[in-house]
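# Results of the structural survey
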Amino acid sequence: MKNTDIAAPDYFHKVIDCQWACPAHTPVPEYIRLIAARRYSDAYMINWWSNVFPGILGRTCDRPCEPACRRMRVETEPVAICRLKRVAADYKDDIRARLPKPAARKNGRRIALVGGGPASLTVARDLAPLGYHCVIFDQDPQAGGMIRTQIPKFRLPDSVIDEECGYILDLGVEFRGGQRIDSMKALLAEGWDAVFVGCGAPRGRDLDIPGRREAAAHIHIGIDWLSSISFGHVNAIGRRVVVLGGGNTAMDCCRSARRLGGEEVHVVVRSGFDEMKASPWEKEDAMHEGIPIHNYLVPKHFTHDNGRLTGVTFEKVKAEYDSRGRRRLVPSGEPDQHFPCDDVLVAIGQENAFPWIERDIGIEFDQWGMPKVDPRTMASTHPKVFFGGDAAFGPKNIIWAVAHGHEAAISIDKLLNGEDINDRPAPAVEMISQKMGIHEWSYKNEVVLDQRYKVPLRDKVVALKDIKAEVELGFDETLAFQEAGRCLNCDVQTVFTSSLCIECDACVDICPMDCITFTQNGDEAELRGRLNAPATNLSQDLYVQDGLKTGRVMVKDEDVCLHCGLCAERCPTGAWDMQKFLLEMTYAGNSCRPQRRSAA
Amino acid sequence: MTYLAKPKFHHPALPKNALGYTHRDYEGAVSTLCAGCGHDSITAAIIQACFELAIEPHRVAKISGIGCSSKTPTYMLGNSHGFNSVHGRMPSILTGANLANRDLIYLGISGDGDSASIGLGQFAHCLRRGVNMVYIVENNGVYGLTKGQFSATADRGSKSKRGFINTDNSIDLVAMALQLGASFVARSFSGDKQQLVPIIKAAIAHRGAAFIDVISPCVAFNNHVGSTKSFDFVREHNEAVNRLDFISTRMPIEISYEPGTVEIVEQHDGSKLALRKLAADYDVHDRTAALGFLQQHAAKGQIVTGLLYVEKDAKDLHAHLRTVDKPLNALDEKDLCPGEKALEAINASLR
Ligand SMILES: Cc1cc2nc3c(=O)[nH]c(=O)nc-3n(C[C@H](O)[C@H](O)[C@H](O)COP(=O)(O)OP(=O)(O)OC[C@H]3O[C@@H](n4cnc5c(N)ncnc54)[C@H](O)[C@@H]3O)c2cc1C
Ligand SMILES: Cc1ncc(C[n+]2csc(CCOP(=O)(O)OP(=O)(O)O)c2C)c(N)n1
Ligand code: SF4
Ligand code: SF4
Ligand code: SF4
Ligand SMILES: [Mg+2]
């Protein structure tokens, strides 16, 4: 194998599994250490720069970071990364003085942002302090998009949304609520320097089976029903409710129904329980509130009596796999099952819809009616129009909307500075040794077995009575400290200098995970098989360095390294060092200008 | 020296041996030796050997004297018996323990100071008696624990860290062990586990006095230019006579060797040593030739390593003394007080 180039910004970034998995690349271990040090405001600001909505995301994020967490590979449960983010938001001081100020001088450029969800808000946050005049249009009266209209208040109180949207609007961003954009052509004609489309995926899929029209009064589209609750138009539902669908929307629907009078709420999904789109913790939360989930049932027809819904009939199916491993649902042959109910909530998917974008103005769409968008730059085929969030590639989540927003802001900034938007400067990297003394390291490197701590919940009886009562109470400071201690500090990297190594094997002998091997070089596949512990996780890199006196190479499998620093502590010559890797992402403004200082 | 405890975590795919243990189960307390000390690597090699042989830790007795090397039994086999004796006295404690309980595996761990200086007499007698044991000297040429004075194995002309030249002749423990009748004699290097681990395994399987001299650089006091026990010097002057594969009784011989390149040596317990010859004319069964070979190479400044001698039909002290088969703690009253008639017979034989 060739020598690993640790100066490439991606190499050590990948080792920080959570940060790498986070679409916005939040420096997770860095903020977790700050929480352990009770420096909540500092932890909050790190998050704020990366993901813009720490208080919101700390309650609602889809957390792609957690399944990636190294702790899962060495123990069982990941660090509660998401709920620790909330701790930073809950216990911080007033941080307003630390936020950027509205631009003292505007640069004369005007940006229109369609939709006031997280994607547009991120673009505005990145651009407004640079002097851009950002105008957000939303058909709804308040900013936040689906964060405000869809996510139930018992998961995310309005106060948190107000606070974090407020930080952005206070940067001199103009929000025009209640103003729907009906024609892109007309908007472009207004002479904006750039237009960002962050209008989300606003249409809930319907279920066209017999009985749908006859019983329409008691069959509701999930996302419309949830926004009606949020706007205060709906405050009750029947006693018996069937929720169709297995995604996040279905989980929010069933739990909302439990709070609005639904006593017998059933979730019914077509496929298997394990294949449901909802996250495991969402399913757990629903079941904890007494909501059973039934699987392998395909809705056949709604039953009704004189225009009144009486229930839903399902066909029982089973999964069958063909020779290529593809799954098909086939009737199991058992009798149909009927669920009597008073209301049905249809939560079987969301769709994009762009009726307001004319098809002859240079914005190309594909055969599925989706705009053609470059995933790196978020550019459409129209030079001035950019997309992001759910509008770009279909429904995703808040953190992806934020990540898109950052990229779109860079593109807009580059476009309006006359630069090539395809030239994306790499992030900057800083490496700092953590050695403080012979046995002193500036991070807690005592790794202990410790199971994940549970977030305290509001009493179920109380919680189910009030749809606005937040269910999760958040970690208290003690629990937060304990949970923070589970983080393995994957950003504190093992850095090897061959010229210092005397090949004494001390690091090999002490490493608790058998990560390190000194051996003859070979090609990767073969080398992986003959290390002290075979390196079978191909998604994790091998760190290879030559230049040793015996002509062997040092090979370290990054896979299950605990970042305990014992190798560095035992090395007599300092050939191993523990160095903190800090990644400075590229954002709109100075850091995205061309020919910037090179990484590392 | 490390203040951190080694985390209990281990690699999720660590292999297990026949007893269901991983190599981590053969560890002891975390080492307090200097970072990089060769002794720690020998500890790791012993751990690996015991793991691979699937030895039950409670069947091992680790016995040592005084010195950094003699501290190492604490860092291995946490569930074994151990006795840290006085300086240079490991051999007599081991001999006594072995006579009392012949069923245990005896690991004598010593240093060059412990065995070649203060304990030279004990070293000699223990080997000549053929005590069934693995006697390992962790040889760094200095008294590490007392801050680096030359020991009796330091080569004449080698330089101390502070610049003194050693004017005394050195003791070659391997040569002495051959002369004293040890039935298994080897030399290896702490920086070469591929050589060391199979040698330790073979020595454990050997019945009789097995002696291994392991050159083990002292990073604190004897790893400088001018030392003949430094990593660099040993790597440059290492002359391996053979490479060993240890094949236990449980394992079928799977490895296929080119004819003529390998000699298979069968031990009393049925285990086999596959010796890949590096020095073509070296005969591991010829004690006197081995002595000559060692001296010729030593004169050239070369350090001969590998399995240097093994006696095919070795016998141990118990066989020489015709002791009872059972360990003393397993003898019951009937064995110990065989009655009046037996006593009379004994008395009669002495008249
Ligand atoms: C029930 C439900 C629960 C969810 N829960 C979570 C969760 O827990 N965690 C998570 O990460 N994600 C969750 N999501 C997904 C998340 O809300 C979205 O992915 C995210 O809000 C998308 O952001 P966005 O900026 O692209 O658009 P949106 O948030 O959808 O905002 C778009 C805004 O544009 C407005 N708009 C649309 N068209 C026009 C127009 N022509 N003119 C003016 N305004 C317009 C809309 O009214 C809306 O306010 C959930 C979604 C739903 C439906
Ligand atoms: C009876 C006695 N004499 C002297 C000492 C002092 N002493 C302690 S360790 C040691 C030498 C140890 O050298 P070695 O066996 O080579 O061990 P190393 O530390 O080099 O591994 C000496 C002389 C002692 N502890 N006891
Ligand atoms: S930090 Fe070093 S000793 Fe610790 S697990 Fe990683 S490689 Fe092994
Ligand atoms: S401990 Fe240090 S000097 Fe020794 S082998 Fe490891 S990296 Fe090399
Ligand atoms: S003094 Fe030398 S022998 Fe003793 S622990 Fe340190 S390096 Fe090892
Ligand atoms: Mg010594």
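Residues numbered from 1 in each chain as written. Chains lettered and ligands numbered in written order. Predicted model: local features only at pLDDT ≥ 70, side-chain atom pairs only at ≥ 80, totals over all residues. Heavy atoms only, no water.

## Quick look at the overall build of chain A
Looking only at helices and strands, one finds 22 helices and 24 strands in chain A. What you see for chain A is a C-alpha radius of gyration of 26 Å, in line with the 25 Å of a compact globule of 600 residues. C-alpha extents for chain A along the principal axes are approximately 90 × 65 × 50 Å. Classification of the 600 residues of chain A by burial places 59% in the buried group. For chain A, the proportion of contacts with a sequence separation of at least 24, taken over those separated by at least 6, is 71%. Just so you have it, chain A exposes about 24,500 Å², and 50% of that area is on carbon and sulfur atoms. Once the 74 positive and 84 negative side-chain charges of chain A are each reduced to a mean point, those two points are 2 Å apart. (Helix = DSSP H or I, 4+ residues; strand = E, 2+ residues; numbered from the N terminus. Rg over C-alpha atoms; globule rule 2.2 N^0.38 Å. Buried < 20%, exposed > 50% of the residue type's maximum accessible area, 1.4 Å probe, protein only. Contact = heavy atoms within 4.5 Å. Areas by Shrake-Rupley, 256 points an atom, 1.4 Å probe, with all protein chains shown as cover. Lys, Arg positive; Asp, Glu negative; His and termini not counted. Charge placed at Lys NZ, Arg CZ, Asp CG, Glu CD.)

## Structural notes on the overall build of chain B
Across its full length, chain B carries 12 helices and 13 strands. The globule rule puts the C-alpha radius of gyration for 351 residues at 20 Å, and the 21 Å found for chain B is close to it. Overall, the C-alpha framework of chain B stretches about 70 × 55 × 50 Å when taken along its three principal axes. By residue count, 52% of the 351 residues in chain B fall in the buried class. The contacts of chain B with a sequence gap of at least 6 include a subset with a gap of at least 24, amounting to 71%. A total accessible area of about 15,900 Å² is found for chain B, and carbon and sulfur atoms account for 52% of it.

## A look at the sheet that holds strand β4 (residues 194–197) of chain A
Residue and element names in this part refer to chain A. If you trace the five strands from one edge of the open sheet to the other, you get β3-β2-β1-β4-β16, paired in parallel fashion. For this open sheet the edge positions go to β3 (174–177) and β16 (385–387), each flanked by a neighbour on one side alone. Mean inter-strand twist for the sheet, computed between neighbouring axes without regard to direction, equals 20°. Sheet topology note: the β4/β16 ladder contains three bridges and is parallel. By the bridge assignment, Val195 is partnered in β16 with Val385. Contacts from helix α17 (residues 398–415) reach β1 (110–114), β4 and β16 within the one sheet, and its direction differs from that of β16 by about 165°. (Pairing = 2+ DSSP bridges. Axes fitted to C-alpha atoms, helices over the stretch in contact; angles between N-to-C directions.)

## Things to note about the packing of aromatic side chains
Residues and elements named next belong to chain A. Throughout the structure, instances matching the rule amount to 20 aromatic pairs over all chains. Taken together, a centroid distance of 6.2 Å and an interplanar angle of 90° make the contact between Phe12 and Tyr543 edge-to-face. On the criterion of sequence distance, the pair formed by Phe12 in helix α1 (residues 9–15) and Tyr543 in strand β22 (residues 542–545) is long-range, its members being 531 residues apart. Of the two residues examined, Phe12 and Tyr543, each falls in the buried class. Here Tyr40 and Tyr91 contribute two aromatic rings whose centre-to-centre distance is 5.5 Å and whose plane-to-plane angle is 40°, an arrangement assigned as tilted. (Phe/Tyr/Trp six-rings, centres within 6.5 Å; stacked < 30°, edge-to-face > 60°.)

## Some points on the nonpolar core
Residue and element names in this part refer to chain B. Of all hydrophobic cores here, the largest spans 74 residues; its most connected members are Ile46, Met133, Phe184, Phe211 and Ile212. It is helix α7 (residues 193–205) that contributes the most residues to this core, eight residues altogether. Apart from the residues lying within four places of it in its own chain, the contact partners of Phe211 are Phe123, Leu127, Tyr135, Val137, Leu173, Val174, Ala177, Phe184, Val185 and Ala186. (Core = buried A, V, L, I, M, F, W, Y, C linked by side-chain atoms within 4.5 Å.)

## With respect to the interface of chain B and chain A
Chain B puts 29 residues into the contact, and the matching count from chain A is 34 residues. Buried surface at the junction of chain B and chain A, both sides included, amounts to about 2,600 Å², of which 60% is carbon and sulfur. Looking at the side of chain B facing chain A, the largest losses of area belong to B:Leu4, B:Phe9 and B:His11, adding up to 29% of the total buried there. Between chain B and chain A we count four salt bridges in total. At the surface where chain B touches chain A, the tally comes to 14 residue pairs in polar contact (both at pLDDT 80 or more). Listed by contribution, the elements that provide at least two residues to the side of chain B that touches chain A are α1 (38–52) and α8 (231–237) of chain B. Tallied by class, residues from the side of chain B that touches chain A come to 14 nonpolar, eight polar and seven charged. (Buried area = accessible area lost by both parts, 1.4 Å probe. Salt bridge = Lys/Arg side-chain N within 4 Å of Asp/Glu carboxyl O. Polar contact = N/O pair within 3.5 Å; in protein donor to acceptor, adjacent residues only side chain to side chain. Nonpolar A, V, L, I, M, F, W, Y, C, P; charged D, E, K, R; others polar.)

## With respect to the coordination of the magnesium ion (ligand 6)
Residues and elements named next belong to chain B. For the magnesium ion (ligand 6), the full set of protein donor atoms is Asp112 (OD), Asn140 (OD1) and Val142 (O), at a range of 2.0 to 2.2 Å. Between consecutive donors of the magnesium ion (ligand 6), the numbers of intervening residues give the motif D-x27-N-x1-V. Linking Asp112 in helix α4 (residues 112–117) with Val142 in strand β5 (residues 142–143), this pair joins segments that are 30 residues apart in sequence. For the pair Asp112 and Val142, one class covers both residues: buried. (Donors = N, O, S within 2.8 Å, 3.2 Å for Na, K, Ca; no water.)

## Concerning the environment of A:Ala484
All names here are of chain A. Position of Ala484 among the secondary structure elements: in helix α19 (residues 477–484). The class for Ala484 is buried, based on a relative accessible area of 7%. Counting along the chain gives 405 residues from Ala484 to Val79, while the straight-line C-alpha distance between them is 7.6 Å. Excluding residues that lie within four positions of it along the chain, Ala484 makes contacts with Ile32, Ala36 and Leu84.

## Looking at the pattern of salt bridges
Working definition: two side chains of opposite charge can pair if their charged atoms are close together. All names here are of chain A. Scanning all chains against the criterion turns up 68 salt bridges over all chains. Glu75 is the partner of Arg71 in a salt bridge, and the nearest nitrogen-oxygen pair spans 3.2 Å. For Arg71, a relative accessible area of 1% translates into the label buried. Residue Arg259 is joined to Glu289 by a salt bridge in which the shortest nitrogen-to-oxygen separation is 2.8 Å. On the criterion of sequence distance, the pair formed by Arg259 in helix α14 (residues 248–259) and Glu289 in the loop between α15 (280–288) and β9 (293–294) is long-range, its members being 30 residues apart. With respect to class, Arg259 is no different from Glu289; both count as buried. Connected via shared salt-bridge partners are Asp17, Arg70, Arg73 and Asp559.

## Looking at the sheet that holds strand β14 (residues 343–346) of chain A
Residue and element names in this part refer to chain A. The five strands are arranged β6-β14-β7-β8-β9 in an open sheet whose pairing can be described as parallel. The sheet is open, and its two edges are formed by β6 (219–221) and β9, each paired on a single side. Here α14 sits on the sheet and contacts β7 (240–244), β8 (264–268), β9 and β14; the angle it forms with β8, its principal contact strand, is near 170°.

## What about the environment of A:Gly485?
Its place among the elements puts A:Gly485 in the loop between α19 and β20 (492–496). Put simply, A:Gly485 and A:Gly222 are 263 residues apart on the chain and 40 Å apart in space, counted from C-alpha to C-alpha.

## What about the side chain of B:Ser188?
All names here are of chain B. Its place among the elements puts Ser188 in strand β7 (residues 184–189). The class for Ser188 is buried, based on a relative accessible area of 0%. For Ser188, the residues in contact, after removing those within four places along its chain, are Gln195, Leu196, Ile199, Asp213, Val214, Ile215 and Thr305.

## Topic: the domain arrangement of chain A
Residue and element names in this part refer to chain A. When its domains are assigned, chain A resolves into domain 1 (1–45 + 428–584), domain 2 (99–202 + 353–415) and domain 3 (204–351). On a C-alpha basis, the centroid separation for the pair domain 1 and domain 3 is 42 Å. Contact residues are listed per partner, giving seven residues for domain 1 and eight residues for domain 3. Roughly 750 Å² of surface becomes buried between domain 1 and domain 3 when both sides are summed, with 63% attributable to carbon and sulfur atoms. The largest share of the area that domain 1 buries against domain 3 comes from Lys460, Leu464 and Ile467, three residues that together contribute 70% of it. The interface formed by domain 1 and domain 3 holds zero salt bridges in total. Run the count over domain 1 and domain 3 and you get one residue pair in polar contact (both at pLDDT 80 or more). For the side of domain 1 that touches domain 3, a count of residues per class yields five nonpolar, no polar and two charged. (Domains from an automatic or database assignment.)

## Quick look at the packing of helix α3 (residues 28–36) of chain A against helix α8 (residues 81–91) of chain A
Residue and element names in this part refer to chain A. Between α3 and α8, whose axes approach to 10 Å, the crossing angle comes to 50°. If you check the angle between α3 and α8, you find them oblique. Like other packed secondary-structure pairs, α3 and α8 cross with a definite hand, here left-handed. Two secondary-structure elements touch here, α3 through Val28, Tyr31, Ile32 and Ile35 and α8 through Ile81, Leu84, Lys85, Val87 and Ala88. Considered class by class, the residues forming the contact of α3 with α8 number eight nonpolar, no polar and one charged. (Parallel < 35°, antiparallel > 145°, perpendicular 65-115°, else oblique. Left-handed = near helix turned anticlockwise from the far one by under 90°.)

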